[in-house]
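# Survey of secondary and tertiary structure
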Amino acid sequence: MYLVSDYLHKKASKNKIPLSGCFELSPVCNFSCKMCYVRKTPEQIAVDGKRLKDWREWLVLAEECRNEGTLYLLLTGGEPFIYPHFKELYRELHDMAFVLSINSNGTLIDEKTVDWLKQASPSRINVTLYGASRETYGKICRNPDGYDRAVKAILMLKEAGIPVVINASMIPENASDMKYIIDFGKEHGINTRVSTYMFPPTKRKKEDDDSRFSPEVAAKMNIDRLRWQLPEKQFEMNMRTQLDTLKKEKDIGSEDWGSQDQYMRCRAGRSSFWVSWDGSMSACGILPFPVVKDPFHTPFSECWKELTDKVRTTPVLKGCAACGKKEICNPCVAMLYSETSSVDKKAPYICRMTDCTIKGFRNELRRIEEKTDEQ
């Protein structure tokens with residue numbers, strides 16, 4: 001489905017306008033999730049010699065962004081509802097006519113919060129649902145009460161008419177809950193976005209209990225996700241369409257792919273930007289590439305110009321150039337960087353996940369054909 005926002009982003013990219021941005025207000029959260037890429041405690045922030053930006057500093061930056069054409073703003077963290085003076089910041093940004101969305105775990109959204117959000121509704125609140133029980137929340141988030149609070153928040157937001165989307169990050173500890181999360185979204189008519197691939201942590205040190213699937217299981221879980229989320233005919237068509245791209249790339253020839261410089265082709269650095277809690281601005285929240293700027297000390301307009309110019313002129317994905325599976329893999333520069341610390345190397349994890357996805361699609365289509373023959 002092609003949305004108005006897609007059209008606006010296409011026009012903005014052509015004209016080098018920073019249409020959308022993300023303000024990562026804080027890395028602090030009331031959860032301690034095993035797959036989080038950014039989490040820090042207040043003590044860790046202090047040890048690093050850094051501090052959170054004051055909410056009024058964000059407002060000054062927001063004014064500069066608006067002057068350059070920014071319309072959409074995502075407020076995220078950590079958990080943004082923990083951020084000091086979040087309510088005041090949100091209201092001021094809303095009065096500035098930004099189209100606002102919020103990423104949250106939902107556990108701090110109570111009746112009073114819903115009341116003030118209704119008075120200046122965001123365009124969307126993305127609530128992450130980490131599982132289907134207190135037990136799962138205890139294992140993943142170290143916060144068993146989080147499950148009941150998150151579900152209550154989702155239902156309160158929907159009842160209040162505030163647009164809500166469910167996000168789900170799947171790891172071994174909640175794998176058995178995926179179908180429940182999908183069915184919960186369907187039952188309540190809420191758009192549910194499920195990810196079976198987890199980025200390695202890029203903004204904190206790796207820990208022994210960091211958790212994600214093996215490439216093989218990540219591929220299988222993603223196929224299960226498609227099966228449960230899509231009608232049967234659409235599920236079949238989705239797989240056939242993706243496998244058809246293998247034939248097309250083979251027809252083009254690997255030497256043609258390898259002869260073309262490739263650049264970042266998503267919105268990052270073309271029509272959108274990310275500002276981290278510590279004041280660094282980059283193309284996306286995962287990726288300190290191709291340049292990191294400080295918009296709190298350098299005019300935003302200068303930061304954006306350098307960022308978007310470099311995104312458009314710095315080749316990437318050299319290791320993937322001759323691969324005939326790119327349209328299934330859809331190699332994301334941020335994924336490659338988080339896996340290999342390079343924007344040009346192949347990532348073995350992603351390659352294995354792609355091969356398993358292709359094999360899984362073919363097995364599923366054979367199963368569907370055999371079922372049809374039997375009928």
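Everything that follows concerns the structure shown earlier in this document.
Here is a short report on the structure shown in this document. (Residues numbered from 1 in each chain as written. Predicted model: local features only at pLDDT ≥ 70, side-chain atom pairs only at ≥ 80, totals over all residues. Heavy atoms only, no water.)

## So, the pairing of strand 3 (residues 99-104)
- As paired elements, strand 2 (residues 72-76) and strand 3 share four bridges and run parallel to each other. Note that in strand 3 the partner of Leu75 across the bridge is Ile102.
- As a crossover connection, the stretch from strand 2 through helix 4 (residues 86-95) into strand 3 is right-handed.
- Sheet topology note: the strand 3/strand 4 (residues 124-128) ladder contains four bridges and is parallel. Across the sheet, the residue bridging to Ser104 is Val127, located in strand 4.
- Between the parallel pair strand 3 and strand 4, the chain is carried across by helix 5 (residues 111-119), and the sense of this crossover is right-handed. (Pairing = 2+ DSSP bridges. Helix = DSSP H or I, 4+ residues; strand = E, 2+ residues; numbered from the N terminus. Right-handed = clockwise from strand over helix to strand, strands pointing away.)

## Observations concerning the packing of aromatic side chains
- Tallied over the full model, the rule gives 16 aromatic pairs.
- Centre to centre, the rings of Trp58 and Phe296 are 5.2 Å apart; their planes meet at 85°, and the pair counts as edge-to-face. Remark: Phe296 occurs in the loop between strand 8 (281-282) and helix 12 (300-313) and Trp58 occurs in helix 3 (residues 55-67); sequence separation between them is 238 residues. Of the two residues examined, Trp58 and Phe296, each falls in the buried class.
- Through successive ring pairs, a cluster of aromatic residues spans Phe31, Tyr130, Tyr137 and Tyr147.
- Positioned over the ring face of Phe296 is Lys53, at 4.8 Å from the centre of the ring. (Phe/Tyr/Trp six-rings, centres within 6.5 Å; stacked < 30°, edge-to-face > 60°. Buried < 20%, exposed > 50% of the residue type's maximum accessible area, 1.4 Å probe, protein only. Lys NZ or Arg CZ within 6 Å of the ring centre and 35° of its normal.)

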